[in-house]
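Structural overview for review
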Amino acid sequence: MFDATDFMEINMGPQHPSTHGVLRLKLKLSGETVMACRPVIGYLHRGVEKICENKTFFQTQVWTDRMDYCSAVANNLGWAESVEKLFGITVPRRAQYIRTMLAEYNRLASHLIWLATHALDIGAMTVFLYAFREREQILDLFESFCGARLTTTAFRIGGLREDFPPGFEKQARAFLDRFPSCIEEYEILLTENRIWKKRTIGVAKLNAEDAIALGVTGPVLRAAGVPFDIRKAFPYAAYAEMDFEVPTRLEADTYARYQVRLEEMKQSARIIRQCLDGLPEGPTMAKLPKILRSEVNEIYHATESPKGELGYYLVGEKGSLNPYRFHVRAPGFANLQALPHMVEGGLVADIIAAIGTLDVVLGEIDR
Amino acid sequence: MTPIAMTLTQTLVIALIQCVIVAGFVLTLVPLTTFAERKVLGYLQQRLGATRVAGGLIGVTGGLNRGMWAMGKLPFVSILRGLPFFVADALKLFLKEDTVPARADRVVFLIAPAISAAASLLVFSVVCFYPGTLFTFPAWVPVIGNCPLTGTIADINVGLIFMTGIASVGIYGIVLGGWASNSKYPLLGGLRSAAQMVSYEVPLALSLLTPVIISGSLNFREMTRTLAGLPTLDASGQVLSQMPVLELIPLFIGFFLYLTCGFAETNRMPFDMPEAENELVAGFHTEYSGMRFSFFYLAEYANMIVVATLASAFFLGSHYLLPFGLQHYIPESIPVLGRPNLLFFLGKIISLLFVFIWVRGTLPRYRYDQVMAVAWKYLLPLAILNLFLAATIRYCL
C-alpha cells in the first residue's frame, strides 16, 4: 500500500536533548505524524541486580542510589525495608518518621526534576530554572543529613546511622514555609497558560484499562482515575500514621498528570510537616548482628517511589551473606512500555511531551 | 530642500559610508542582543551568573573568568559582568572546525548561511533611520565635500515591497541549509520552517498593508512621517492630508498582529519550530559549526532587529516620540519632544528587542500544527478584517 519512501525512519536518541538520558526511540514518521515508535533500552545497563547478588546486604545499598538517581532516598528506603522484612527487623519509630520525611523530600525533589525537564521540553524554560532552584535547597537538606546530595545512601538497615544534625529541623521548616509560594509561581506560569494547555490537554492519553494492562503505576495511573498508591494501599514506614490524600484525575492526559503531580507535591509537604510535628523521641537504630546471614526465605516489598511502584524481590539462601536472587521492579521500566501506545498517531512534538510526562529515568530502567 | 546634484562617484561613496555605518550598527546590536538575552533571561530566571559557575582559571577562558571577577568588584561595571563572553563566543566560533557532513550537497551547504545573513542585512538598506539629512560633510573632505549624509541608504519609493521581498529570500537559507545537510533532523527543521515562514508571510504582509493604506505610500520616509500623525504640507504650508485619529485603532491592532507574525518569522519562542531544540536537536543548523553556524545565528538576531525596526517605524511612530499616530498632539515647536530624534527610534527598537527576550522567558512552545492553525485560523482573518477597517476609516474620513 505504501512505498518505502512514504515514511521517514528516524532515530531519536540515545543522544538527544529530550530523551532524558540515553533512551533511544526508533520512529517511523509520515511527515510529522508518528506511525510507529519502538523504544530501545539498555544503554545504561550495568547489571545492578547480578552485581548485588555478589554483595552483602549492607553493601548493596549504594547500588540502589544509582538506579533512579533522581530519587535515591526512595530507593534506599525500599531496599532497607526489604532487607528488614527478610530478616524480621523492627525499626524504631523515630527512625521510621525520619525515613518517611526524607522520602517525601525526595518525592518533592524528583517531582521538581520532572516539572523542570517536562516544562523545558515543551519550551517553558523559566520553570526549569525555578524548579531547580527549589531542588537545590532539598539537596542541601540531604547533604546536611547524610553528606551526599545525589547518591545519598541515606539509611542503614535497621534504622539510621545518625539522627538529625543540629539546625536541620529549622532548615526543613524554612523550606516548607517557602514552598507553597514556589508552587504558586509554577502554576502562574503554566496552569492557565493557553499554550501549555494546548500542548498538554488531550496529549498522550492512556486510559485506566490500558494503564493497568501495561503495568503502569504511580502518578500516570492516578491521572487515569485509579486511586492506587502503595502508601495508602500497603502502608510502610510511618505512612499509616500520616494524614494525606491521593490526588486523582479522570482525563488521563498529560495535563492531568501535571495536575496530579503538582497536587502530590502539596501532599508531600503536608506529610513532611506532620513528620516534623509528631517526631517521636527515642533511638534511631535497631539492635542488629554484625553480620546478616540469610535463611531460606523469599520476599517482595513494594514502596511508592516518586515514579510509581518500586518493588524489591529478594530470595535468601541458608547461611549466605548475600541474596540468592535479587530483582527490582522498576516503575520506569513498566511505565515506558506505555510510550508507543501513547504516542502512535500523534505528532513528533507529542513524543517529547509523553517522555516528559512518563518521567523516565534510564538509570532504573536499564539498571 | 532639494538635494544638491552629486556625481556618481560621490553618490557611491556616500552610500558606502552609509552601508558601513548601518552594518556597523546592526553588527554591534546583534552581539549586544545576545548579551542582553543572557542578562535578561538571567534576571528573569534567577540564574546564578557565569562568575559563579565558570570553571577554569587557566588559559584564555581562565583569563576571561578572572576579568569578570574583577569587573564584579567595581561598583558600576558589575552590571557588565559576562561582557567578556563576547570575546569568548567569538573566539570559539572562529576557532571551531568548519565541518561539512559526508555526502552533503557541498555548494548549497556552504552557501546557505550566507543567503540567510545577507538577506537579513540587506533589509536595512531601505530603512529610514532619520528623515532628511543627518549632517553635511565639510568642504575640506576629499571627494565628498559639501555632500549631505542622509538617514536612509536607498530612499526608494517601493521600500516596503523591497523589504518584504528580501526578507522572504532569507527563508531559502534555512530551507536549503536543512536540505543540504543530508541529515534527518535538519531536513525536518527545514521543512517546518518552509511551511511556517510561508504561512506567516501572508498575515505579516497583510498587517504591513495597514500602514500602507493609511499613509498611501510605500516609501519608508514618507510612511513614517504620515504614520506619526503629522500632516503632509504643500509648498505654501497648507495641510494637504493628515491621518485621521480613528486610524489609531487599526494601527494598534496591526502592531500586535505584526509583532506576532514577526516572532514566527524570526523563529523565536513561542514559534521556534525550525529549531525546536527539544524536538529536533538544533533544527536546520544541527550540522553546522563554527562561523557558518554563527551566520545563521547572526541572521536570526538581525531578523529580530528587522522586525523590531519595522514595528517601531510603522506602528510606534519611528523617530517621533509618540506611537500610533499621536505625534501631532505635540507641536513641532517644542524643542526635543516635538522633533524627530534618532534616539527615540533606537529606544523603541531596543524595547521591542527586550520584548522578544521577555516572551522567550515566559511562554512555552506551540506544537507544529498549532503554529499553522494560529496563522491560518486566527491571524489571517484578523489581518484581513483589520485591513478592511483601516480602508473603511480612510475612505469615510
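Below is a short write-up of the structure.

Parameters at a glance
Every chain is numbered independently, its residues counted from 1 as its sequence is written. All chains are assigned letters beginning with A, and all ligands numbers beginning with 1, in the order in which they are written. For this predicted model, a pLDDT threshold of at least 70 governs which residues receive local features, and a threshold of 80 or more governs which side-chain atom pairs are given and counted, while totals over whole chains, interfaces and linings are taken from all residues. For side-chain calculations, the full set of non-hydrogen atoms in the structure is used, while hydrogens and water are omitted. For helices the rule is a DSSP run of H or I covering at least 4 residues; for strands it is a run of E covering at least 2, with both sets numbered from the N terminus onward. Contacts between residues were defined by any pair of non-hydrogen atoms, one from each residue, lying within 4.5 Å. All accessible areas in this document rest on Shrake-Rupley with a 1.4 Å probe, and a residue is counted as covered only by the protein chains that are shown. Strands are labelled as partners when DSSP assigns at least two bridges between them. A fitted line through C-alpha atoms represents every axis, and for helices the fit uses only the stretch in contact; the resulting angles, taken between N-to-C directions, go from 0 to 180 degrees. Any carboxyl oxygen of Asp or Glu within 4 Å of a side-chain nitrogen of Lys or Arg constitutes a salt bridge here. Here's how the labels work: a residue is buried when its accessible area is under 20% of the maximum for its type, exposed when over 50%, partly exposed in between, all with a 1.4 Å probe on protein chains only. Defined in terms of a 1.4 Å probe, buried area is the accessible area two parts forfeit on being brought together, summed over both. We define a polar contact as two N or O atoms separated by no more than 3.5 Å, with the added condition that, inside protein, one atom must be a possible hydrogen donor and the other a possible acceptor, whereas residues neighbouring each other in sequence contribute only through side-chain atom pairs.

Quick word on the overall build of chain B
When its secondary structure is counted, chain B shows 13 helices and four strands. Long-range pairs, those at least 24 residues apart, make up 76% of the contacts in chain B with a sequence separation of at least 6. Carbon together with sulfur atoms contributes 72% to the accessible area of chain B, which is approximately 18400 Å² in total.

Structural notes on the sheet that holds strand 4 (residues 297-305) of chain A
All names here are of chain A. Across the sheet, three strands lie side by side as 4-5-6; this open sheet has antiparallel pairing. The outermost strands of the open sheet, each flanked by one partner alone, are strand 4 and strand 6 (325-329). Averaged over all pairs of adjacent strands, the angle between strand axes in this sheet comes to 10°, irrespective of strand direction. Taken together, the nine bridges between strand 4 and strand 5 (residues 308-316) define a ladder with antiparallel strand orientation. Each residue of the ladder has a partner; that of glutamate 304, found in strand 5, is glutamate 309. Its contacts with the sheet put helix 3 (residues 72-87) on strand 4, strand 5 and strand 6, and the angle it makes with strand 4 is roughly 155°. Taken strand by strand, helix 12 (residues 331-343) contacts strand 4, strand 5 and strand 6, and its axis lies near 130° from that of strand 5.

Considering the sheet that holds strand 1 (residues 8-12) of chain A
Spatially, the three strands line up as an open sheet ordered 1-2-3 (chain A), and their pairing is antiparallel. A single partner strand is all that each edge strand has here, and the edge strands are strand 1 and strand 3 (33-40) of chain A. The sheet shows a mean angle of 20° between the axes of neighbouring strands, direction not considered. Bridge analysis of strand 1 of chain A against strand 2 (residues 24-30) of chain A gives five bridges, and the strand direction is antiparallel. What sits directly across from asparagine 11 of chain A, in strand 2 of chain A, is lysine 26 of chain A. In the packing of helix 13 (residues 348-358) of chain A onto the sheet, the strands contacted are strand 1, strand 2 and strand 3 of chain A, and the crossing angle to strand 2 of chain A comes to about 150°. Contacts from helix 7 (residues 184-215) of chain B reach strand 1 and strand 2 of chain A within the one sheet, and its direction differs from that of strand 1 of chain A by about 115°.

Points about the pattern of salt bridges
Pairing of side chains with opposite charge becomes possible as their charged atoms draw close. Residues and elements named next belong to chain A. Counted according to the given criterion, the structure contains 37 salt bridges over all chains. The salt bridge involving arginine 66 is made with aspartate 65; its shortest N-O contact spans 3.8 Å. We classify aspartate 65 as buried; its relative accessible area is 0%.

Topic: the interface of chain B and chain A
Taken together, the 28 residues of chain B in the interface contact 34 residues of chain A. At the boundary of chain B with chain A, total buried surface from both sides reaches about 2800 Å², with 57% on carbon and sulfur atoms. Across the chain B-chain A interface, the total number found is two salt bridges. One can count ten residue pairs in polar contact (both at pLDDT 80 or more) joining chain B with chain A.

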